[in-house]
Each structure stands twice: as C-alpha cells, then as structure tokens.
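# A closer look at the structure
Each chain, letter by letter, is given below.
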Amino acid sequence: LVAVQRISQLKVGFNYCPPGASASANPLRTRRGFNVFLCTRDRSNLMIFFNFGWKFIDVGPMSTSDLRMLSLNRFHLVSDCVERVLCALTHCEKILAPFPYESDSRKFGISEVFKVLNRLSTLSRRGTLTAITGAQECLDIFCGFVVTPELKNELTHVVSSAWSIAADDLLYIQKSGKPKLETDAKGEMRLGRATLSTPPGQVGLPQLALNKHTLRYLEIIARALEENEPLLLCGETGVGKTTIVQNLSSAVGSRLSVVNLSRESDPSILLGTFHPVDIQRELVALGREFENAFG
C-alpha cells in the first residue's frame, strides 16, 4: 500500500525504485505527455516491480500544460490555434460542470482536443480554416451533445470569445445558416466544411429535402465521415436519422450496413453465430462455379 501511495504521488519527471530493487534496475518513471508508465527493456527487471504487490495506480487527469505541450508538438500546422482550442475547452467544462446529464458526467480530455486539432489541420491544408470554421469545429466536438437551447447559446458565446469573433455571427450560423452543397467534375462533393469523394456521375442528394436543418445535420455527419470518426445520432423515431445516413452513404458510394436493435435483439446479430453446413449444397454450388469458369 505504501508503494502504491508513493507511485500515485509521482509528478512528471520523477523516478521511483521500489524498496529492495537493485541500483541497476530501471525505475518506474512518469513521462511527459502520459501519466504513470513502466519504462524498462529488461523483463527480469520488470518483474521486480510487480513482485511488490501493487496492481492499481491512482492516475489523475492530464493537466492543461501537458495538453498544450502535446498539442503543440503534434499539430505544428495549427499551432496558433492550440491556445484558442484549450481556452474554449476550459470554458465549456466550467459551464457544463453543473449539468452532468448534459455532458454524461465525463470530463473532456486529450481525445476531444486532438479531434478538434485534427479537424483544423484538415481545414488548414484545404485553405478553408478561419476563426468561424475553427469555432464551429469546437462547438461540434465540445458541445454537439447539448440539447438545451439556453445552455447551447451560453456555450456558443464562450467559444466565440475564445476565437475572438462576434457571438451573434456564430449564433446565426448555428441557428439560421445553410451550409453550401456543391459537386464538381473532379468527383468531389463539398458540404459546408466537409469535402467527400463521390462516384462518377453522382449529382448531390436528390432524394432529400435540402433545407437548412437537413444540410446542417449532413455537414456534421460528413465531417465525422471525412475524418473517419465514430458518430452517435440521437433522436426520436421518424426524424430522419437513418434516411440522412442512407442518402449520404449512397452519395459517396460507401457500403452501409443497417442493423435494427431492440431489447429483444440477440447478441449474435452483431457478433455472428455458427450454423450447420450442408456439405452437399456447398459442393453443388461450387460445381456450378467450376462449370461457369471452365465449362
């Protein structure tokens, strides 16, 4: 227990050797950018640490200074945006703290910061990174799950302040703005901030009523698809979640698998299952393929 307490109090740059370990043994070391890790190349030395009985380490949240250092080292292209992103993150956390049901009782961290900076890097390479688009990315990642209008307005104000833009401009885009939908001869579809490759001959999204709300949702989904990010859509039955995804999938030529789940759904729907194989039927089908190929 004493060893665990001492390990949990380690700070960045500090080392720790368990009592009884030889002087030549590599110590347990905290490395900047992470929290507590074992740093050793010799597996025999590694066993020294575990023989002392500690199994769990109390790891605190990553500090803002560590987040800043990691972000600057990894995202050189948008290094001038790092401070704005961290400022928006800090203010959003403070506003959401009294509303755990809005944030699912989860603190923001490196995952959200890196996701925003990765998106900003994409926009920068494309030449479309501005204070407005940067603030929109922060809102989508940090506040996309918020449904209360008053709370979302407050978050929009602090994010616009972090990006030094007028809150009214950002509020207008969020509430009344209509993302542009364009296709070109190169096989690209531009949907607001998102750019996706489309099959030859594809012309937009003809089966959808492209009002401002539909285009806004399409832009959010397309940005996640463009960055290969997972996305959870929440809403009542019949509001168009599946329809929007189906049409966007068709527009970009992606394979879409739809699985309907309910309380009665069996795990095998997702995990798969084994079925008896009829050898005679399989051989007949194989015989037909052989005849078609060589007959």
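Residues numbered from 1 in each chain as written. Predicted model: local features only at pLDDT ≥ 70, side-chain atom pairs only at ≥ 80, totals over all residues. Heavy atoms only, no water.

Next up on the list: the nonpolar core. By size, the foremost hydrophobic cluster in this structure holds 34 residues, and its most contacted members are V85, F142, V159 and W163. Looking at this core, the elements with two or more residues in it are α3 (64–74), α4 (82–96), α6 (110–126), α7 (131–143) and α8 (149–162). Among the elements that line this core, the one with the most residues is α4, at eight residues. With residues up to four places along the chain from it excluded, the contact list for F142 reads V85, A88, L89, C92, L96, F108, E112, V113 and V116. (Core = buried A, V, L, I, M, F, W, Y, C linked by side-chain atoms within 4.5 Å. Buried < 20%, exposed > 50% of the residue type's maximum accessible area, 1.4 Å probe, protein only. Helix = DSSP H or I, 4+ residues; strand = E, 2+ residues; numbered from the N terminus. Contact = heavy atoms within 4.5 Å.)

Side-chain alternation along strand β5 (residues 188–191) places M189 and L191 on a buried face and E188 and R190 on a face that remains uncovered. Strand direction decides the pairing type here: strand β4 (residues 181–183) and β5, joined by three bridges, are antiparallel. For L181, the partnering residue across the bridge sits in β5 and is L191. Between the antiparallel neighbours β4 and β5 lie four residues, among them G187 with a positive phi of about 85 degrees. Note: β5 against strand β6 (residues 194–197), four bridges, orientation antiparallel. Within the sheet, the bridge partner assigned to R190 lies in β6 and is T195. The hairpin turn running from β5 into β6, its antiparallel successor, is two residues long, and G192 in that turn takes a positive phi close to 65 degrees. (Pairing = 2+ DSSP bridges.)

Once that is clear, we can look at the sheet that holds β4. Within a beta sheet, neighbouring strands are joined by backbone hydrogen bonds and run either parallel or antiparallel to one another. Strand order in the open sheet made by the three strands is β4-β5-β6, with antiparallel pairing throughout. Edge positions in the sheet fall to β4 and β6, since each has one partner strand and no second. Averaged over all adjacent pairs, the angle separating strand axes in this sheet is 15 degrees, with direction ignored. Running over the sheet, helix α10 (residues 212–226) touches β4, β5 and β6 and is turned about 65 degrees from β6. (Axes fitted to C-alpha atoms, helices over the stretch in contact; angles between N-to-C directions.)

Let's shift gears to the packing of α10 against helix α11 (residues 241–252). Between α10 and α11, whose axes approach to 11 Å, the crossing angle comes to 55 degrees. Of the possible angle classes, the one that applies to α10 and α11 is oblique. As α10 packs across α11, the resulting crossing turns out to be right-handed. For the pair α10 and α11, contact is made by T214, Y217, L218, I221, A222 and L225 and by I244, V245, L248 and V252, respectively. The class makeup of the residues in the contact of α10 with α11 is nine nonpolar, one polar and no charged. (Parallel < 35°, antiparallel > 145°, perpendicular 65-115°, else oblique. Left-handed = near helix turned anticlockwise from the far one by under 90°. Nonpolar A, V, L, I, M, F, W, Y, C, P; charged D, E, K, R; others polar.)

Moving on, we come to the confidence of the model for the chain. Averaged over all residues, the pLDDT of the chain is 79; the fraction at 70 or higher stands at 76%. With pLDDT under 50 throughout, residues 1–5 is counted as low confidence; its partners more than four residues away or in other chains account for four contacts. (pLDDT = per-residue confidence, 0-100.)

Turning next to helix α9 (residues 167–175). When we look at burial in α9, the residues that qualify are A167, L170, L171 and Q174. Projected down its long axis, α9 shows its buried positions confined to an angular sector of 100 degrees, all on one face. Within α9, the exposed residues directed more than 90 degrees away from the buried face are D168 and Y172. (Arc of directions from axis to C-beta.)

Once that is clear, we can look at the pattern of salt bridges. Enumeration over the complete set of coordinates arrives at 15 salt bridges. One salt-bridge network, held together by shared partners, links R119, R126, E137, D140, R193, R216, E219, R223, E226, E227 and E229. (Salt bridge = Lys/Arg side-chain N within 4 Å of Asp/Glu carboxyl O.)

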